[in-house]
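What follows is the residue order along each chain.
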Amino acid sequence: RSSTVNECVCRPGYTGSYDSGCHACSAGTYKTENGTMACINCKEGTFNTEEASTHPAQCIVCAAGSHSRSGSVMRTNCSCNRGYYG
């Protein structure tokens, strides 16, 4: 428990600072540790529909033969690779 507001930090899945407050990491991102650091985009080829994610394993791999940009938020962000359809 913190004795002053300056010691408060955001928990995993949240980002911000003591003066601006903490807010949930947006869909397509995660944050694993306590602190004020920014949320991290899910890597290319994955997506995440949930807010406040705390681990990269929460980023779901696109189907075989497809890809997505980092920070993708929906399965529909996964597009078929060249030569594939679906």
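For the structure itself, consult the block above.
Here goes a summary of the coordinates provided.

Cut-offs applied
- Residues numbered from 1 in each chain as written.
- Predicted model: local features only at pLDDT ≥ 70, side-chain atom pairs only at ≥ 80, totals over all residues.
- Heavy atoms only, no water.
- Helix = DSSP H or I, 4+ residues; strand = E, 2+ residues; numbered from the N terminus.
- Rg over C-alpha atoms; globule rule 2.2 N^0.38 Å.
- Buried < 20%, exposed > 50% of the residue type's maximum accessible area, 1.4 Å probe, protein only.
- Contact = heavy atoms within 4.5 Å.
- Polar contact = N/O pair within 3.5 Å; in protein donor to acceptor, adjacent residues only side chain to side chain.
- Pairing = 2+ DSSP bridges.
- Disulfide = S-S within 2.5 Å.

**Quick word on the overall build of the chain**
Secondary structure assignment for the chain yields zero helices and eight strands. When the elements of the chain are put in sequence order from the N terminus, they spell out β-β-β-β-β-β-β-β. Over its C-alpha atoms the chain spans a radius of gyration of 16 Å, topping by over 25% the 12 Å that the globule rule assigns to 86 residues. Its C-alpha atoms put the chain at 60 × 20 × 15 Å along the principal axes. Taken over 86 residues, the chain has a buried fraction of 28%.

**Thoughts on the environment of Val9**
When you line up the elements, Val9 lands in the segment before β1 (14-17). Taking relative accessible area as the criterion, Val9 reaches 48% and is therefore assigned partly exposed. A sequence separation of 13 residues divides Val9 from Cys22, and the C-alpha atoms of the two residues are 8.0 Å apart. Ignoring any residue separated from it by four or fewer positions in sequence, one finds Val9 in contact with Cys22, Asn34 and Gly35.

**A closer look at the environment of Lys31**
Relative to the helices and strands, Lys31 resides in the loop between β3 (29-30) and β4 (40-41). Considering only alpha carbons, one finds Lys31 and Thr15, 16 residues apart in sequence, at a separation of 7.8 Å. Those residues within four positions of Lys31 in sequence are excluded, and the remaining contacts are Cys10, Arg11, Pro12, Gly13, Tyr14, Thr15, Cys25, Met37, Ala38, Cys39, Ser53 and Thr54. Of note is the side chain of Lys31, whose polar atom sits 3.4 Å from the backbone oxygen of Arg11.

**Looking at the environment of Glu33**
Within the secondary structure layout, Glu33 lies in the loop between β3 and β4. Judged by its relative accessible area of 48%, Glu33 is partly exposed. Along the primary structure Glu33 and Ala63 are separated by 30 residues, whereas in three dimensions their C-alpha atoms are 29 Å apart.

**Side note on the pairing of β1**
Pairing between β1 and strand β2 (residues 21-24): four bridges, direction antiparallel. What sits directly across from Thr15, in β2, is His23. Here β1 hands over to β2 after three residues, the two strands then running antiparallel side by side.

**Examining the state of the cysteines**
Counting across every chain of the model gives four disulfides. At a sulfur-sulfur separation of 2.0 Å, the disulfide partner of Cys42 is Cys59. One quick way to see it: the torsion about the S-S bond of Cys42 and Cys59 is about -70°, and its sign makes the bridge left-handed. Here Cys59 lies in the loop between β5 (46-47) and β6 (60-61) and Cys42 lies in the loop between β4 and β5, a separation of 17 residues in the sequence. Considered together, Cys42 and Cys59 belong to a single accessibility category, that of buried residues. There is a disulfide in this structure between Cys62 and Cys78, and the S-S distance comes to 2.0 Å. Classification of the bridge connecting Cys62 and Cys78 rests on its S-S torsion, roughly -70°, and on that basis the disulfide is left-handed. Taken together, the positions of Cys62 in the loop between β6 and β7 (66-67) and Cys78 in the loop between β7 and β8 (79-80) put the pair 16 residues apart, joining distant regions of the chain. The class of Cys62 is buried, set by a relative accessible area of 7%. The class for Cys78 is buried, based on a relative accessible area of 16%.

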